[in-house]
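# Breakdown of the fold
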Amino acid sequence: EGEEDEEEERDEEAEQTKKRSKHVAKHVGWQMDFLKMVGLEDIGIHKLGTRVRAPGEAVGNGICERAAVELGLNVHTPVAVGSIDAHAGVIGSIGETTLDAHTPLHNRLQLVLGTSSCHMALSKSPLYVGGVWGPYHNVILPGLWLSEGGQSASGALVNHIVKFHPFSSKLEQMANEKNVSVYAYLNSHARELSKERQLENIWHLCKDFHVLSFYHGNRAPLADPSLKGMVCGLNLGSSDGWLDELTELYVGAVIGLALETRHIIQAMTDAGHDIKSMHACGGLCKNEFYLHTHASATNLPIYVTKGDAMLIGCAVLAATASGTFSAIPDAMSKMTGSEKLIQPNASAKGFFDKKYKVYLKMIDNQYEYRRLMSG
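Residues numbered from 1 in each chain as written. Predicted model: local features only at pLDDT ≥ 70, side-chain atom pairs only at ≥ 80, totals over all residues. Heavy atoms only, no water.

### A short note on the pairing of strand 8 (residues 302–305)
Both faces of strand 8 are covered, namely the face carrying Ile-302 and Val-304 and the face carrying Tyr-303 and Thr-305. Pairing of strand 8 with strand 9 (residues 338–342) involves four bridges; the strand directions are antiparallel. Counterpart to Thr-305 in the pairing with strand 9 is Ser-338. (Buried < 20%, exposed > 50% of the residue type's maximum accessible area, 1.4 Å probe, protein only. Helix = DSSP H or I, 4+ residues; strand = E, 2+ residues; numbered from the N terminus. Pairing = 2+ DSSP bridges.)

What follows is the structure, given as structure tokens:
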């Protein structure tokens, strides 16, 4: 009976979200009834501006004479409407045609991977994904809607796992001696360890070791900041085996984050998205093990962006505003590209299917613990 009530509440919430989003789609600009509802009707809308323009549009007559002198540019140099960092990353990455020439934009998922991560999918019509922000109309490309999932801590979690280990300084010293990052060192040791133990692949180091990556809550698709990280499979360990144990914890955390991405994709798929490929940009793209784990955990190919996607995205908007290109998609197809393709490991599909079941079970268990302790 409790599950039925929860399902009814979710259905009612989804219906209300549809109604609100349809209203927003018809109304461009500040939604005054919402601002009034949250007590912000007096924030001075007239000072903030009421004229809404889309990214890539030219603003006014370009830069003024004073700005031209200070910047060393010509007067009236076009100024483009900009975009927030992650959205600029989408523009600078998702439209590439060098390696992924045939997948439509609305079948691609953009991963912006850094301290935290964003998972962004475009659609032709508004799709309402529980726990995922949006859908937002025209914020990336004219006529398309954006659904935005994410992880509150991704690179931050990997860094936390390593930096707060008792032997982190020793690991850093060993990595420096080989002139590599601590993550490259751990990746190398994970490969050696899997060969030594005659495992099918690196991920089998964590066959019986499971990490739930919610150390900073869950942004999507559960939208529950109160959730906590969990680790299953700890032992007493030893000072001699610290590197093996830290490697397993590191691999487990990366797997946990990849399964969280799979969870977001599943929620998007259930709501009507049809993801066929992923495009990745951001600092975590330097870690190929992270990318390979995401590709195999989701069973989707990953196209890794060439260059800094955020800067490229801003350049795309500027090139469009200046008239160099007639529309953002034209600029995207000419100015963006991928430097490599990472395919999922087909032989690991069964392993990750099982790991995903464990991941979902750990979430259920955490909620069950709460019910037991509050009863």
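### Quick notes on the nonpolar core
Formed by 67 residues in total, the largest nonpolar core has its most connected members in Leu-109, Leu-113, Leu-171, Tyr-250, Val-251 and Phe-352. Looking at this core element by element, the count peaks at 16 residues for helix 9 (residues 242–270). Among residues more than four places away in sequence, those in contact with Tyr-250 are Val-158, Ile-161, Val-162, Tyr-183, Leu-186, Asn-187, Asn-287 and Phe-289. Formed by 20 residues, the second largest nonpolar core is a distinct cluster that contains Leu-144, Cys-281, Ile-328 and Ala-331. (Core = buried A, V, L, I, M, F, W, Y, C linked by side-chain atoms within 4.5 Å. Contact = heavy atoms within 4.5 Å.)

### Concerning the packing of helix 9 against helix 10 (residues 288–298)
Packing of helix 9 against helix 10 brings their axes to within 9 Å, and their N-to-C directions diverge by 45 degrees. Here helix 9 is positioned oblique relative to helix 10, judged by the angle of their axes. As for the relative orientation of helix 9 and helix 10, their crossing is right-handed in sense. Counting all contacts with helix 9, which are made through Tyr-250, Val-251, Val-254, Ile-255, Leu-257, Ala-258, Leu-259, Thr-261, Arg-262 and Ile-265, the residues of helix 10 involved are Phe-289, Tyr-290, Thr-293, His-294, Ala-297 and Thr-298. (Axes fitted to C-alpha atoms, helices over the stretch in contact; angles between N-to-C directions. Parallel < 35°, antiparallel > 145°, perpendicular 65-115°, else oblique. Left-handed = near helix turned anticlockwise from the far one by under 90°.)

### Some words on a nonpolar patch on the surface
Together, Trp-30, Met-32, Phe-34, Met-37, Val-38, Leu-40, Ile-43 and Leu-48 line one region of the surface with nonpolar side chains, adding up to about 760 Å² of accessible area. If one sorts the elements of the nonpolar patch by residue count, helix 2 (residues 32–37) sits on top with three residues. (Patch = residues over 30% accessible without salt bridge, like charges linked within 9 Å, V, L, I, M, F, W, Y side chains within 5 Å. Areas by Shrake-Rupley, 256 points an atom, 1.4 Å probe, with all protein chains shown as cover. Salt bridge = Lys/Arg side-chain N within 4 Å of Asp/Glu carboxyl O.)

### Some points on the side chain of Asn-107
Within the secondary structure, Asn-107 sits in the loop between helix 5 (85–91) and strand 1 (108–113). Residue classification places Asn-107 among the buried positions, given a relative accessible area of 7%. If sequence neighbours within four positions are ignored, Asn-107 has contacts with Asp-274, Ile-275, Lys-276 and Ser-277.

Functional significance is not addressed by these values, which are geometric in nature.
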